[in-house]
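Fold and geometry: a report
Read off the chains here:
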Amino acid sequence: MNPEILKTLGIIGGAAIATIAPYIGTWINKKFKKDTEAETFIYNTEHRALINEVLVEIRTIIGANRVAIVEYHNGNAAINGLPFNYCSMTYEKSDTTTREIMLNYQKVPLSPVCELLLEVHNSKDGYVRVGQDYKEDSVVELSNYYGIKSSYIFRIGDHIKYGTVHVMWVNDDHMLTENQLELLHLKVMYINELMKKMKKH
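What counts and how
- Residues numbered from 1 in each chain as written.
- Predicted model: local features only at pLDDT ≥ 70, side-chain atom pairs only at ≥ 80, totals over all residues.
- Heavy atoms only, no water.
- Buried < 20%, exposed > 50% of the residue type's maximum accessible area, 1.4 Å probe, protein only.
- Helix = DSSP H or I, 4+ residues; strand = E, 2+ residues; numbered from the N terminus.
- Arc of directions from axis to C-beta.
- Contact = heavy atoms within 4.5 Å.
- Lys, Arg positive; Asp, Glu negative; His and termini not counted.
- Salt bridge = Lys/Arg side-chain N within 4 Å of Asp/Glu carboxyl O.
- Polar contact = N/O pair within 3.5 Å; in protein donor to acceptor, adjacent residues only side chain to side chain.

Moving on to helix α3 (residues 114–122). Looking at α3, one finds that the buried residues are Leu116, Leu117 and Val120. Here the buried residues of α3 occupy an arc of 100° about the axis, which is enough to place them on one side. Among the exposed residues of α3, those oriented more than 90 degrees off its buried face are Leu118 and Asn122. Looking at the buried positions of α3, the neighbouring elements they touch are β1 (66–77), β4 (127–130), α4 (137–145), β5 (150–155) and β6 (164–169).

Okay, here's the thing in structure tokens:
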């Protein structure tokens, strides 16, 4: 803080100004940072609430048991320096007859679903359907472990790194209509816009 401002305010005078001014400046900077972090927290929470609303809309309109968002992240590195890669469910909306799995679907290793993720990433349609007849046994086994009979996995944005929207059924090897798929594309696009608006810091 400018020492002359302190003099004008009559807060302090004399030689002590040069000593105390940096501490006051640091305090103001910290307070400003805390206020900014608090505002960002509320701003992002509002956007997360909107995303939850979209997931409920999808579940209700499509008639799914569960709609979720899965995001991808690194963990600790191996001795060779390569990062461990995981996926975690960060949003979930289930109907009243379906148990929630988000708390258990955390830091799941990517190795069982690598082929699936590449397929979703490269899909011209922007999604992949996973049923009991899906070509990768490890993907079917993982789905069955979480009680998922069938699902549609939509890429958020143009790259898998932005996450995926999962529309799931627990008792039905479900097939969506073209109209339903078109509607889902629009909803996923809206989710993408909401996530883009969220602040990192």
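That shown, we press on.
The topology assignment puts Arg155 in strand β5. Nearest to the buried, unbridged Arg155 among oppositely charged side chains is Asp158, at 6.5 Å. In terms of polar contacts, Arg155 uses its side chain to reach the backbone carbonyl oxygen of His121, at 3.0 Å. Within the structure, Arg155 has its side chain in polar contact with the backbone oxygen of Ser123 (distance 3.1 Å).

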